[in-house]
Amino acid sequence: MAQKGVQLDREAFSCSICLDLLKDPVTVPCGHSYCMNCIKSHWDKEDEKTIYSCPQCRQTFTPRPVLVKSTMLAVLVEELKKTGLQAAPADHCYAGPEDVACDVCTGRKLKACKSCLQCLASYCEKHLQPHFEAAPLKKHKLVEPSKKLQENVCSRHDEVMKVFCRTDQQSICLLCLMDEHKGHDTVSAAAERTERQRELEVSRQNIQQRIQDREKDVKLLQQEVEAINGSADETVGNSEKIFTELIRLMEKRRSDVKQQVRSQQQTEVSRVRELQEKLEQEITELKRKDAELEKLSHTEDHNQFLHDYPSLSPLSESTHSSSIKIRPLRYFEDVTAAVSEVRDKLQDVLIEKWTNISQTETEVDVLLSEPEPEPKTKAEFLKYSCDITLDPNTAQTQLLLSDGNRKVTVMSEEQSSSSHPDRFTGRCQVLSKESLTGRCYWEVELRGRRVYVAVTDKNISRAGRSDECKFGRNDKSWALDCYNNSYNFCYNNVRTPVSGPQSSRVGVYLDHRAGILSFYSISETMTLLHRVQTTFTQPLHAGLWFNWSPGDSAELCKLK
């Protein structure tokens, strides 16, 4: 009997309350067995209810059952103890508070090894087997165990959400598609995930490139520190040699020079160290962000990916450090020359030249190059004027281009034009042919009831009438809505009222590297309407959007 007992599962002879081998085993009317003290304690807590239940199957008993020790079960347990059958399933196999539990297991549940997106349930290895054996279940999508399966279920229709509504930016079920989301721009969750995945990869590439750039900057700054220290040491040494030739009256002056060089050395090294530390902190942040995006990119659950994607924290503003100006390694050379002159003209130095020595200790230029100041006057803006034209391949079919593709007019009938992947198909929009980089300034003359003056990524969607195509309704474009003698700034579907003098001409200033975009009302003077400070990661184009009003037009002005 002992030999057979060794082959039995210890869990079958364990109390489901204390999870240990049965002690003084008793069997309740439903057939389940417990330690006598365990079941008594459990029922003592239910005395006030006068209804007693089995902890495993929840069958209820009234009145409270009389407990009698099961002699045969007790003997069997003792035999099991003698055979050495003491090892229960390892605790790490059972689901803890932070683990995903198997939805099929009864009693103490085992950890789930997979979750099924079709069944909306999680399974341990044992209960997962039907998904590998039954033909209908083999087609189910298995992912890593997840506690968020219910987030895939529509709260209104209790159906799995397999569709993504781009109009409302949310996951929906097929019944929602036929009801309140009817007529909206919808795609499968998998298709939307694919597009967002591409965006994520672009973000990761940008982050990785920024990490590489910052690491190079850190190395350059370290070289700068070494150069400053080396030059300062050499200058101090030369000064010491020269001052030894001077008479006692020069002792104080020698000390002053040494002190000034060391002080300047410490100041400049501290400045570079501080900048170096900022760049290293930015590298750490970028690596953390990259790890966060990488983790999200491996999420197998499309809906969970779409749920978590908007909550990602945006990148902090980048330190402007694309170039570092390195001076020749002669930081304190002028000091040495001045001291030599002191040696030769002692009397003049004591009376007149001492000021020259102090003045030669100029500030060492090791700062990263700062962005140039933004233009203030019309003349300064015109220095950055760019000659841009409109791209016929992007113009929606109701738009007519003229005057060397500088003017666009809304027509009542569609214009004959060839099919092109860059063409806007649903909105009266057109882009500039030229890509905008560096600093650019241009002006638009408006003639019509409503015109949007915009700047947009080249990757903005072109087909359809969804917000992904409209200037100012997404995160790829910025637009000034000029409508009935009023202005509104639009970005990412948020409208911001803008006050300023009305004019038929709008000026646009772009500093791609600095991330600055400004709109101006142009008359006899320039008045700032709205200014944006952001980070541009893609090539940009000028854009115009009309509100389906035949006769409305706009023209890119010649400024040169």
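Along each chain, residues carry numbers from 1 onward, in the same order as the chain's sequence is written. Restriction of local features to residues with pLDDT of at least 70 applies here, the model being predicted, together with a cutoff of 80 or more for giving and counting side-chain atom pairs; totals for whole chains, interfaces and linings are based on all residues. To get the side-chain values, take all heavy atoms of the structure and skip hydrogens and water.

**Section: the pairing of strand β12 (residues 407-410)**
Inference 1: Two strands are said to pair when DSSP picks up at least two bridges between them. Strands are runs of DSSP state E lasting at least two residues, helices are runs of H or I lasting at least four, and both sets are numbered from the N terminus onward. Here strand β11 (residues 399-402) pairs with β12 via four bridges, running antiparallel. Within the sheet, the bridge partner assigned to leucine 400 lies in β12 and is threonine 409.
Inference 2: Counted along the chain from β11 to the antiparallel partner β12, the turn is four residues long, and its residue aspartate 403 has a positive phi close to 50°.
Inference 3: Pairing analysis gives three bridges linking β12 to strand β23 (residues 553-556), with the strands arranged antiparallel. Across the sheet, the residue bridging to lysine 407 is glutamate 555, located in β23.

**What to know about the state of the cysteines**
Inference 1: Pairs of cysteine sulfur atoms within 2.5 Å are what we label disulfides. In the structure shown here, the tally under the stated rule is zero disulfides.
Inference 2: Sulfur of cysteine 124: no disulfide; nearest cysteine sulfur belongs to cysteine 102 and is 3.7 Å away.
Inference 3: Cysteine cysteine 490 remains unbridged, with the sulfur of cysteine 482 as its closest cysteine sulfur at 9.8 Å.
Inference 4: Look at cysteine 490 and you get buried, because its relative accessible area is 1%. The cut-offs for exposure are 20% and 50% of the maximum accessible area for each residue type, with area from a 1.4 Å probe on protein chains only; residues under the lower value are buried, those over the upper are exposed, and the others partly exposed.

**Topic: the sheet that holds strand β6 (residues 121-123)**
Inference 1: Taken in spatial order, the three strands line up as β6-β5-β7 in an open sheet, and their pairing is antiparallel. Bordering the open sheet on either side are β6 and β7 (142-143), each of which pairs with just one other strand.
Inference 2: Pairing of strand β5 (residues 114-116) with β6, which is carried by three bridges, proceeds in the antiparallel orientation. Bridge assignment links lysine 114 to a residue of β6, and that residue is tyrosine 123.

**With respect to the sheet that holds strand β8 (residues 163-165)**
Two modes of strand pairing occur in sheets, parallel and antiparallel, and in both the strands are linked by backbone hydrogen bonds.
Inference 1: The sheet built from three strands is open, its strands ordered β9-β8-β10 with antiparallel pairing. Sheet topology places β9 (170-172) and β10 (186-188) at the edges, where each strand pairs with a single neighbour. Between one strand axis and the next, the sheet turns through 35° on average, direction left out of account.
Inference 2: Looking at chain direction, β8 and β10 are connected through three bridges and run antiparallel. What sits directly across from cysteine 165, in β10, is threonine 186. Fitting a line to C-alpha atoms yields each axis, with helices limited to the stretch in contact; the angle taken between N-to-C directions then spans 0 to 180 degrees.

**Considerations on the side chain of glutamate 445**
Inference 1: When you line up the elements, glutamate 445 lands in strand β14 (residues 439-447).
Inference 2: On the basis of relative accessible area, glutamate 445 is assigned to the buried category, the value being 14%.
Inference 3: In protein, a polar contact requires one atom able to donate a hydrogen and another able to accept it; more generally it is a pair of N or O atoms within 3.5 Å, and residues adjacent in sequence count only if both atoms are side-chain atoms. At 2.9 Å, the side chain of glutamate 445 forms a polar contact with the side chain of arginine 505.
Inference 4: The residues touching glutamate 445, leaving out its near neighbours within four places in the chain, are Ser504, Arg505, Ser553, Ala554, Glu555 and Cys557. By the convention used here, residues are in contact when the closest approach between their heavy atoms is within 4.5 Å.

**Considering the confidence of the model for the protein chain**
Inference 1: Residue-level confidence of the predictor is summarised by pLDDT, bounded by 0 at the bottom and 100 at the top. Averaged over all residues, the pLDDT of the protein chain is 84; the fraction at 70 or higher stands at 86%.
Inference 2: Predicted confidence is poor over residues 1-7, with pLDDT under 50, and the contacts of this stretch with residues over four places away or in other chains come to seven contacts.
Inference 3: Confidence drops under a pLDDT of 50 for residues 358-369, and excluding neighbours within four residues, the segment shows 41 contacts in the predicted structure.

**A few points about the pattern of salt bridges**
Inference 1: A carboxyl oxygen of Asp or Glu within 4 Å of a side-chain nitrogen of Lys or Arg is what we treat as a salt bridge. All told, the structure shown has 30 salt bridges when counted by the stated rule.
Inference 2: Note that glutamate 199 is salt-bridged to lysine 476, the shortest N-O span being 3.4 Å. Highlighted residues: glutamate 199 in helix α8 (residues 189-243) and lysine 476 in the loop between β15 (450-457) and β16 (477-483), separated in sequence by 277 residues.
Inference 3: The class for lysine 476 is buried, based on a relative accessible area of 17%.

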